[in-house]
Amino acid sequence: MEKKIWIHSNLEDFNRLVAANAADLLAQAIQEQGYANFLLSGGSTPKGVYQALASDRFRRLVDWSEVHFFWGDERCVPPDDENSNFKMAFEVLLRNVPADPRKTHRIKGELAPNESAEDYRQLLADLAPAGMSWPIFDVALMGLGEDGHTASLFPGARHPDEGIYPVIPVTAQYQDRPAHRVTLTPLALNTSRNVIFLVTGESKALALQKALSDEEDLERIPVQRIRPAAGNIIWHTDSTAAKYIHQD
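Counting its secondary structure elements, the protein chain contains 7 helices and 9 strands. A compact globule built from 248 residues should have a C-alpha radius of gyration of about 18 Å, and the protein chain, at 17 Å, falls within 12% of that. The C-alpha extent of the protein chain, read off along each of the three principal axes, is 45 × 45 × 35 Å. Buried positions account for 52% of the 248 residues belonging to the protein chain. In the protein chain, 76% of the contacts between residues at least 6 apart in sequence involve partners at least 24 apart. Per element, the accessible surface of the protein chain, about 11500 Å² overall, is 46% carbon and sulfur. Computed over 25 positive and 34 negative side-chain charges, the separation of the two mean positions in the protein chain equals 2 Å.

Here is the structure:
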């Protein structure tokens, strides 16, 4: 596993350089294998990156018709709900690039959590290479919560199925709200070729410091569970989130 940390001075540079990084990796995957698997993140941080990818500058760098889109997690809401990770990515990115609807593989948040998780497991299995139960993601965009969570892997005792299945339903309390979600697990995430973490804002500074610490605490800091053995981890952060990070 190779780890890189890029600290950007402002959000404009952050969005532009993350988009450039992702577009380059997607284009490289398409050149090498004829397609790319792109795992999308929800939340507010990636929105600017999606806008940049859909701009003239980057839209032309990727053959979007050869990109398969997946999601790292989803809230248990319909796809037209304002809280839907799919809705945000579709409105900002997918409908603004020539994506193939047949290659857009959303998590069905309108289903019951257990049913939705099982549905996505089957979808991933149908698209998996021989000998695997899920695809290998060429680029996986992921976020970091103030509590150290990523995707919908929250602090606390690990779900008993996390080491068994690539997708699980999750019920947790987050920011004083019950969170009913479906999430990919480290089983699937850790086979990614490139994991790109997006972290901005001073409120994430302590979480980022802990995430990058040499002190391991996999239950209290779930993001530390993401360790692609044969892939790369690239941390993109702005200067406010990185205020406790010291680089040589």
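Right, let's get into unusual backbone geometry. The phi torsion at alanine 151 lies on the positive side, around 50 degrees, for a residue other than glycine. By relative accessible area, which is 16% here, alanine 151 ends up buried.

A few words on the sheet that holds strand 3 (residues 67-71). Spatially, 1-9-8-5-2-3 is the arrangement adopted by the 6 strands of the open sheet, whose pairing is parallel. In this open sheet, the two edge strands, each paired with only one partner strand, are strand 1 (2-8) and strand 3. Across this sheet, the average inter-strand angle for adjacent strands is 20 degrees, counted without regard to direction. Here 4 bridges tie strand 5 (residues 139-143) to strand 8 (residues 194-199), and the two strands are oriented parallel to one another. By the bridge assignment, glycine 143 is partnered in strand 8 with leucine 198.

Within a regular beta strand, the side chains point alternately toward one face of the sheet and then the other, so they alternate between its two faces. For strand 8, the buried fraction is high: 6 of the 6 residues fall into the buried class. By the alternation rule, side chains of strand 8 split into Asn194, Ile196 and Leu198 and Val195, Phe197 and Val199, which are all buried. In this structure, strand 8 lies alongside strand 9 (residues 232-238), joined through 6 bridges in parallel fashion. Counterpart to phenylalanine 197 in the pairing with strand 9 is tryptophan 235. Crossover strand 8 to strand 9 through helix 7 (residues 205-211) is right-handed.

This part takes up the environment of leucine 144. Looking at the element boundaries, leucine 144 is found in the loop between strand 5 and strand 6 (167-174). Judged by its relative accessible area of 3%, leucine 144 falls in the buried class. With 65 residues separating them along the chain, leucine 144 and glutamine 209 place their C-alpha atoms 11 Å apart. With residues near it in sequence (within four places) discarded, leucine 144 still touches His149, Leu198, Val199, Lys204, Ala207, Leu208, Val223 and Trp235.

Applying the stated criterion across every chain yields a total of 6 aromatic pairs. Taken together, a centroid distance of 4.2 Å and an interplanar angle of 15 degrees make the contact between phenylalanine 197 and tryptophan 235 stacked. Taken together, the residues phenylalanine 197 in strand 8 and tryptophan 235 in strand 9 connect sequence positions 38 residues apart. For the residue pair phenylalanine 197 and tryptophan 235, the accessibility class agrees, reading buried in each case. Of the aromatic side chains, those joined through ring pairs into one cluster are Phe38, Trp64 and Phe69. The positively charged end of arginine 106 is found above the aromatic ring belonging to phenylalanine 86, 5.8 Å away from the centroid. In this structure, arginine 121 is placed above the aromatic ring of tyrosine 165, and the distance from its NZ or CZ to the ring centre is 4.1 Å.

Counted according to the given criterion, the structure contains 15 salt bridges. In this structure, aspartate 100 and arginine 102 form a salt bridge, with 3.0 Å as the shortest nitrogen-oxygen distance. The residue arginine 121 makes a salt bridge to glutamate 118 at a minimum N-O spacing of 2.9 Å. In this pair, arginine 121 and glutamate 118 both sit in helix 5 (residues 113-126), 3 residues apart, roughly one turn of the helix.

Quick look at the environment of glutamate 74 now. Relative to the elements of secondary structure, glutamate 74 occurs in strand 4 (residues 73-75). A relative accessible area of 2% means that glutamate 74 is categorised as buried. Each C-alpha atom, one on glutamate 74 and one on serine 152, is 8.0 Å from the other, the two residues being 78 residues apart in sequence. If we ignore the near neighbours within four places in the chain, the residues touching glutamate 74 are Asn83, Ser84, Asn85, Phe86, Ile107, Gly109, Arg181 and Val182. In this structure the side chain of glutamate 74 is engaged in a polar contact, spanning 2.8 Å, whose partner is the backbone nitrogen of asparagine 85. Among the polar contacts listed, one links the side chain of glutamate 74 to the backbone nitrogen of phenylalanine 86, at a separation of 3.0 Å.

Conventions adopted
Residues numbered from 1 in each chain as written. Predicted model: local features only at pLDDT ≥ 70, side-chain atom pairs only at ≥ 80, totals over all residues. Heavy atoms only, no water. Helix = DSSP H or I, 4+ residues; strand = E, 2+ residues; numbered from the N terminus. Rg over C-alpha atoms; globule rule 2.2 N^0.38 Å. Buried < 20%, exposed > 50% of the residue type's maximum accessible area, 1.4 Å probe, protein only. Contact = heavy atoms within 4.5 Å. Areas by Shrake-Rupley, 256 points an atom, 1.4 Å probe, with all protein chains shown as cover. Lys, Arg positive; Asp, Glu negative; His and termini not counted. Charge placed at Lys NZ, Arg CZ, Asp CG, Glu CD. Pairing = 2+ DSSP bridges. Axes fitted to C-alpha atoms, helices over the stretch in contact; angles between N-to-C directions. Right-handed = clockwise from strand over helix to strand, strands pointing away. Phe/Tyr/Trp six-rings, centres within 6.5 Å; stacked < 30°, edge-to-face > 60°. Lys NZ or Arg CZ within 6 Å of the ring centre and 35° of its normal. Salt bridge = Lys/Arg side-chain N within 4 Å of Asp/Glu carboxyl O. Polar contact = N/O pair within 3.5 Å; in protein donor to acceptor, adjacent residues only side chain to side chain.

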